[in-house]
Amino acid sequence: LPLQSSSSLILASISREGDLSLGDLLFFITVSLNLKAAADRLSGCKVRGAVALDALDQRAPADEALRCRLLFRLGDAQRKSGEHTRARRTLHGATEAARRLGLAEILARAALAYEHASWRTERLPDAPPEVALAEALRLAPQDDARLHVELTAALARSLLYAGAEAQARQHLMRAITM
């Protein structure tokens, strides 16, 4: 939730309970300050990430691997701050760059974040998350069982939201048995 709506919900909840005690008021102030600090940190990450990407675009020749990592971090910060539409576009770009560059770890992390951002909002019709997840699964190190489970479970959820229930069930059963 955005900072203001979170604060409003907390205040409304406290005021429904009746009179505010000193403890309730201190609790509300603490929660509000923590929410503000978290929002400021996320906003700072997004701004720093965008500035870093702009600086990399100006550099010749550009370090594509570094740009890909920064693109992933920017998209992940957007996703964590609730900007799912922007995050989806940014993370899709990161998955495409990681795939092109053969960066398996970044591809896996970006594909997982892309799927998380995609199921909460409208999916990009020409860029379903299951494509990036399947590619990340193919490139993931065979000895990283945890990553394989995460990617397979995310692929199952993505397929479910795409309406492919039978395929989703297969991947879910595979993730459970791993």
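Everything discussed here concerns the structure shown above.
The structure contained in this document is the topic of the report that follows.

Definitions and limits used
Every chain is numbered independently, its residues counted from 1 as its sequence is written. Since the coordinates come from a predicted model, pLDDT governs what is reported: local features require at least 70, and pairs of side-chain atoms require 80 or more to be given and counted, while whole-chain, interface and lining totals use all residues. Side-chain metrics in this entry use all non-hydrogen atoms of the structure; hydrogen atoms and water are not considered. Patch membership is restricted to residues that have no salt bridge and whose relative accessible area is over 30%. Joining uses 9 Å for like charges and 5 Å for the nonpolar side chains Val, Leu, Ile, Met, Phe, Trp and Tyr. For every accessible area listed, the method is Shrake-Rupley and the probe measures 1.4 Å; residues are considered covered only by the protein chains on display. The working definition used for a salt bridge is a side-chain nitrogen of Lys or Arg within 4 Å of a carboxyl oxygen of Asp or Glu. Secondary structure elements are defined from DSSP: runs of H or I of at least 4 residues count as helices, runs of E of at least 2 residues count as strands, and each element is numbered from the N terminus. Only protein chains enter the accessibility calculation, which uses a 1.4 Å probe; a residue is then buried when its area is under 20% of its type maximum, exposed when over 50%, and partly exposed in between. Expected helix span is taken as 1.5 Å per residue step, with the number of steps being one fewer than the number of residues. Take the buried Ala, Val, Leu, Ile, Met, Phe, Trp, Tyr and Cys residues and link them wherever side-chain atoms come within 4.5 Å; each set so joined is a nonpolar core. Only heavy atoms matter for contacts: two residues are in contact if any of them lie within 4.5 Å across the pair. Polar contact criterion, stated in full: a pair of N or O atoms within 3.5 Å, where within protein one must be able to donate a hydrogen and the other to accept it, and residues adjacent in sequence count only if both atoms are side-chain atoms. Each axis is a line fitted through C-alpha atoms, taken for helices only over the stretch in contact, and angles between the N-to-C directions span 0 to 180 degrees. Any angle that falls under 35 degrees is termed roughly parallel, while one over 145 is termed roughly antiparallel, one within 65 to 115 roughly perpendicular, and all others oblique. Helix crossings get a hand from a simple test, with the near helix turned counterclockwise from the far one by less than a right angle marking a left-handed crossing and a clockwise turn marking a right-handed one. Residues are grouped as follows: Ala, Val, Leu, Ile, Met, Phe, Trp, Tyr, Cys and Pro are nonpolar; Asp, Glu, Lys and Arg are charged; all remaining types, including Gly, are polar.

### Remarks on a nonpolar patch on the surface
The grouping of L172, M173 and I176 at the surface amounts to a nonpolar patch, some 300 Å² of accessible area in total. Here I176 is to be found in helix α8 (residues 165-177). The class of I176 is exposed, set by a relative accessible area of 57%.

### A short note on helix α7 (residues 145-161)
Residues spaced three or four apart along an α-helix face the same direction, because each turn holds 3.6 residues. For α7, with 17 residues, the first-to-last C-alpha span of 24 Å sits near the 24 Å given by 1.5 Å per residue. Where α7 terminates, the next one or two residues include G163, which has phi positive at roughly 90°.

### Here we look at the nonpolar core
If you look at the biggest cluster of nonpolar residues, it comprises 30 residues, and the most contacted ones within it are F72, L91, L133 and L151. Counting only elements with at least two residues in this core, the list comes to α3 (64-80), α4 (84-101), α5 (104-119), α6 (129-139) and α7. When residues no more than four places from it in sequence are discounted, the contact partners of L91 are F72, G75, D76, R79, A110, A113, Y114 and A117.

### So, the pattern of salt bridges
Throughout the structure, instances matching the rule amount to 10 salt bridges. One salt bridge in this structure joins D76 and R79, with 2.8 Å as the shortest N-O distance. Taken together, the residues span about one helical turn, with D76 and R79 both in helix α3 at a distance of three residues. On the basis of relative accessibility, which here comes to 14%, the residue D76 falls in the buried class. The partner of E105 in a salt bridge is R109, and the shortest N-O contact between them spans 3.4 Å. Highlighted residues: E105 and R109, both in helix α5, separated by four residues, approximately one helical turn. Taking the relative accessible area as the measure of exposure, E105 reaches 55% and is therefore exposed. Given the relative accessible area of 37%, R109 is considered partly exposed. Salt bridges linked by common partners bring D76, R79 and K80 together as one network.

### Some details on the side chain of S158
Examined against the element boundaries, S158 turns out to sit in helix α7. Only 2.3 Å separates the side chain of S158 from the side chain of E130, close enough to count as a polar contact. Apart from the residues within four sequence positions on either side, S158 is in contact with E115, R123, P129, E130 and L133.

### Focus on the packing of α5 against α6
For any two helices packed against each other, one specifies the crossing angle of their axes together with the interaxial distance. The geometry of α5 relative to α6 is characterised by a closest axis approach of 9 Å and an angle of 150° between their N-to-C directions. One finds that α5 runs roughly antiparallel with respect to α6. Between α5 and α6 lies a crossing of left-handed hand. Facing A104, L107, A108, A111, L112, Y114, E115 and S118 of α5, the residues of α6 in contact are P129, A132, L133, E135, A136 and L139.

### A short note on the packing of α4 against α5
Interhelical geometry of α4 versus α5 gives an angle of 155° and a closest axis separation of 8 Å. Considered as vectors, α4 and α5 are oriented roughly antiparallel to each other. Of the two possible hands of crossing, α4 and α5 adopt the one that is left-handed. Along its contact with α4, which presents H84, A87, R88, L91, H92, A94, T95, A98 and R99, the element α5 presents I106, L107, A110, A111, A113, Y114, A117 and S118. The residue makeup of the contact of α4 with α5, split by class, is 11 nonpolar, four polar and two charged.

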